[in-house]
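Listed below are the residues making up each chain.
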Amino acid sequence: MSESLYTEIIIDEGKNPQNHGTIENPDISHHDSNPTCGDQITLQMSIKDELIADVKWHRHTEEGKTAEDRNKNCTICMACTSVLTQMIKGKDLDYARNLKKEELLSELGLEYLLKQSPIRIKCALLSLKVLKFGLYSYLAKKLKDSSSLDNLKEEAAHLY
Ligand SMILES: [Zn+2]
């Protein structure tokens, strides 16, 4: 692993990740993991008037053991999750739905990972994957029509 992975923002956000915690009765809650590294994220959102009113993330699907073991996610994963949650909080669902991996990576100075590190890119983009899948399942439930659902699945499949 190259030391240049750890830009200043990665170190800062990784040490003190924002929006860590849980939301009671979230409108969206989605969990996924990155087996090659051991990262796990549950991302929760409450939606009000098409806006992401609140967003929190934690490691586990189970209640109770969340706060203390966030550091088991790697620094890149934590930094990206922290920055992603700050980017989408207060924004509308369309913004989150259209958010591109390049935009998240450029916030962190990590665009080069796309070409150089197929393994670390999964750490960086796990949060975005969880966001998109959570969002798509929420929208699919709301739309209740199968052609829109197919389109959403198609979109989700081409994330990265
Ligand atoms: Zn990782």
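### Some words on the sheet that holds strand β1 (residues 28-34)
What links the strands of a sheet is backbone hydrogen bonding, and the strands pair in either a parallel or an antiparallel sense. Taken together, three strands build an open sheet; the order of strands is β1-β2-β3 and the sheet is antiparallel. The open sheet has two edge strands, β1 and β3 (51-58), and neither has a second partner. Neighbour to neighbour, the strand axes of the sheet diverge by 20 degrees on average, direction disregarded. By the bridge criterion, seven bridges tie β1 to strand β2 (residues 39-48) in an arrangement that is antiparallel. Bridge pairing in β2 places N34 opposite D39. Each of β2 and β3 is contacted by helix α2 (residues 75-88), which is oriented at about 165 degrees to β3, the strand it contacts most. Of the strands in this sheet, β1 and β2 are in contact with helix α6 (residues 120-143), which crosses β1 at around 145 degrees.

### Observations regarding the packing of α2 against α6
Interhelical geometry of α2 versus α6 gives an angle of 35 degrees and a closest axis separation of 8 Å. The two elements α2 and α6 meet at a crossing, and its hand is right-handed. Contacts between α2 and α6 pair I76, C77, C80, T81, L84 and I88 from the former with R120, C123, A124, L126, S127, L128 and L131 from the latter. A class-by-class count of the residues in the contact of α2 with α6 yields ten nonpolar, two polar and one charged.

### A look at the environment of Y6
Mapped onto the elements, Y6 comes out in the segment before α1 (8-15). Judged by the 14 C-beta atoms lying within 10 Å of it, Y6 is partly exposed. Through-space distance from the C-alpha of Y6 to that of G109 is 9.5 Å; in sequence the pair is 103 residues apart.

### Here we look at the nonpolar core
Ranked by size, the top nonpolar core spans 31 residues in total, and within it I76, C80, L84, A124 and L131 carry the most contacts. Broken down by secondary-structure element, the contributors of at least two residues to this core are β2, β3, α2, α4 (101-107) and α6. For this core, the element with the most residues is α6, which contributes nine residues. Setting aside anything within four residues of it in sequence, one finds I76 in contact with L5, I10, R120, C123 and A124.

### Some words on unusual backbone geometry
Backbone geometry places N25, a non-glycine residue, at a positive phi of 50 degrees. Structurally, N25 is set in the loop between α1 and β1. Classification of N25 as exposed rests on a count of 7 C-beta atoms within 10 Å. In this structure, E50 is a non-glycine residue whose phi angle is positive, near 65 degrees. If you trace the backbone, E50 turns up in the loop between β2 and β3.

### Overview of the confidence of the model for the protein
Across the protein, pLDDT averages 87, with 90% of residues at or above 70. Considering each helix and strand of the protein separately, the mean pLDDT is smallest for helix α7 (residues 146-157), with a value of 76, and largest for β3, with 97.

### Some words on the pairing of β3
Summarising the sheet, β2 and β3 pair through seven bridges and their orientation is antiparallel. Note on β3: the bridge partner recorded for S46 is D54. The turn linking β2 back onto β3 is made up of two residues, and D49 within it adopts a positive phi angle of 50 degrees.

Conventions and cut-offs
- Residues numbered from 1 in each chain as written.
- Predicted model: local features only at pLDDT ≥ 70, side-chain atom pairs only at ≥ 80, totals over all residues.
- Pairing = 2+ DSSP bridges.
- Helix = DSSP H or I, 4+ residues; strand = E, 2+ residues; numbered from the N terminus.
- Axes fitted to C-alpha atoms, helices over the stretch in contact; angles between N-to-C directions.
- Contact = placed C-beta atoms within 7 Å.
- Left-handed = near helix turned anticlockwise from the far one by under 90°.
- Nonpolar A, V, L, I, M, F, W, Y, C, P; charged D, E, K, R; others polar.
- Buried ≥ 20, exposed ≤ 12 C-beta atoms within 10 Å, placed from the backbone.
- Core = buried A, V, L, I, M, F, W, Y, C linked by C-beta atoms within 7 Å.
- pLDDT = per-residue confidence, 0-100.

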